[in-house]
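Here is how the chains run, residue by residue.
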Amino acid sequence: ITLTSPNGGEIWAKGSTQEISWVKENWLNWGIAIDLYKDGNYYQNITEYHIGSDYSWDIPTDLEGSANYTIKVYGSGTNYYDFSDASFVLYESDGPITVLQPNGGEEFQSGDAMTIYWGVDSSVDEIAVYFFNYEYSSSQQIFNLVNTTPGSNLEGTACFDAHDEEGIIFTLPDLNTSEIQGYYSSSYYKIAIIKCTGGVVDWNITDFSDTYFSITY
């Protein structure tokens, strides 16, 4: 049996209906069970017995938003199973934009490749990403992913496809050599994801990391 969806990188809204699909050998005539995992641990059963090669999952609204979900499909009462190759995202769809990762508590080192995930509704086509350091200021803008000039000048802002399920992989600058003002070893970073159109950002449609994450040497 081979799970085909979700197999990693999907971004699904809680409360939506999504298809879980798989392929199995024709001679295998048993029903399929499906489990949901979070952070590599069993979270809950989705169905104990289902006939066919796909399942329409009505995603519960009370699930915790996270970028670390996987699915296990297996033959009911057998040792045949398969997991998602990589994690997928479930997010709260109440607001136009939701930061999913980093959303607080993560620990990074300069030079790490940080993967940034978010959720958006249909009103948002493009987004911009900004980093903030709150250690010595209530709101100190540091840099966005293209324009590294601190402050409120948004010229040169880069807009990214808001519906890119792969997210953004961003290599954190070297803390030893970076000349970005306010970028230093700290446990008080957040990101903001902002609606962006043609290089112009709309700060009225924004979401921040819920709590702080750290970037150290």
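What counts as what
Residues numbered from 1 in each chain as written. Predicted model: local features only at pLDDT ≥ 70, side-chain atom pairs only at ≥ 80, totals over all residues. Heavy atoms only, no water. Helix = DSSP H or I, 4+ residues; strand = E, 2+ residues; numbered from the N terminus. Buried < 20%, exposed > 50% of the residue type's maximum accessible area, 1.4 Å probe, protein only. Polar contact = N/O pair within 3.5 Å; in protein donor to acceptor, adjacent residues only side chain to side chain. Pairing = 2+ DSSP bridges. Axes fitted to C-alpha atoms, helices over the stretch in contact; angles between N-to-C directions. Patch = residues over 30% accessible without salt bridge, like charges linked within 9 Å, V, L, I, M, F, W, Y side chains within 5 Å. Areas by Shrake-Rupley, 256 points an atom, 1.4 Å probe, with all protein chains shown as cover. Salt bridge = Lys/Arg side-chain N within 4 Å of Asp/Glu carboxyl O. Lys, Arg positive; Asp, Glu negative; His and termini not counted. Charge placed at Lys NZ, Arg CZ, Asp CG, Glu CD. Disulfide = S-S within 2.5 Å.

> Give me the lowdown on the side chain of Ser-110, citing residues and values where you can.
Positionally, Ser-110 belongs in the loop between β11 (107–109) and β12 (113–120). Judged by its relative accessible area of 19%, Ser-110 is buried. A polar side-chain atom of Ser-110 sits 3.4 Å from the main-chain amide nitrogen of Leu-175.

> So what about the sheet that holds strand β6 (residues 54–58)? Which residues, and what values?
Across a sheet, paired strands are connected by hydrogen bonds in the backbone, their directions being either parallel or antiparallel. One open sheet accounts for 3 strands, arranged β1-β3-β6; its pairing is antiparallel. In this open sheet, the two strands that pair with only one neighbour each are β1 (2–5) and β6. Looking at each pair of strands side by side, their axes are set apart by 30° on average, direction ignored. Judged from the 5 bridges that link them, strand β3 (residues 17–23) and β6 form a sheet pairing that is antiparallel. Within β6, the residue paired with Gln-18 across the bridge is Trp-57.

> Pulling in residues and values, what's your account of a negative patch on the surface?
The grouping of Asp-125, Asp-161, Asp-164, Glu-165 and Glu-166 at the surface amounts to a negative patch. Relative to the assigned elements, Asp-161 resides in strand β15 (residues 160–161). A residue is classified by how much of its surface remains accessible, and Asp-161, at 46% relative accessible area, is partly exposed.

> Quick one: what's the story with the state of the cysteines, residue by residue and with numbers?
Enumeration according to the criterion identifies 1 disulfide in this entry. The partner cysteine of Cys-159 in its disulfide is Cys-196, sulfur to sulfur 1.8 Å. Taking the sign of the torsion about the S-S bond as the criterion, the disulfide between Cys-159 and Cys-196, at about -55°, is left-handed. A residue pair is termed long-range when its members are at least 10 positions apart, and Cys-159 in the loop between β14 (140–144) and β15 and Cys-196 in strand β17 (residues 186–197) qualify at 37 residues.

> Summarise unusual backbone geometry; cite the residues concerned and give the values.
Comment: phi is negative for the bulk of residues other than glycine, and the bulk of peptide bonds are trans. Following Ser-5, the chain continues to Pro-6 via a peptide bond in cis, the omega torsion being 0°. Look at the link from Gln-101 to Pro-102: it is a cis peptide, with omega at 0°. Position of Pro-102 relative to the elements: it lies in the loop between β10 (97–101) and β11. Although it is not a glycine, Asp-39 sits at a positive phi angle of roughly 55°. If you trace the backbone, Asp-39 turns up in the loop between β4 (32–38) and β5 (41–50). Residue classification places Asp-39 among the partly exposed residues on the basis of a relative accessible area of 47%.

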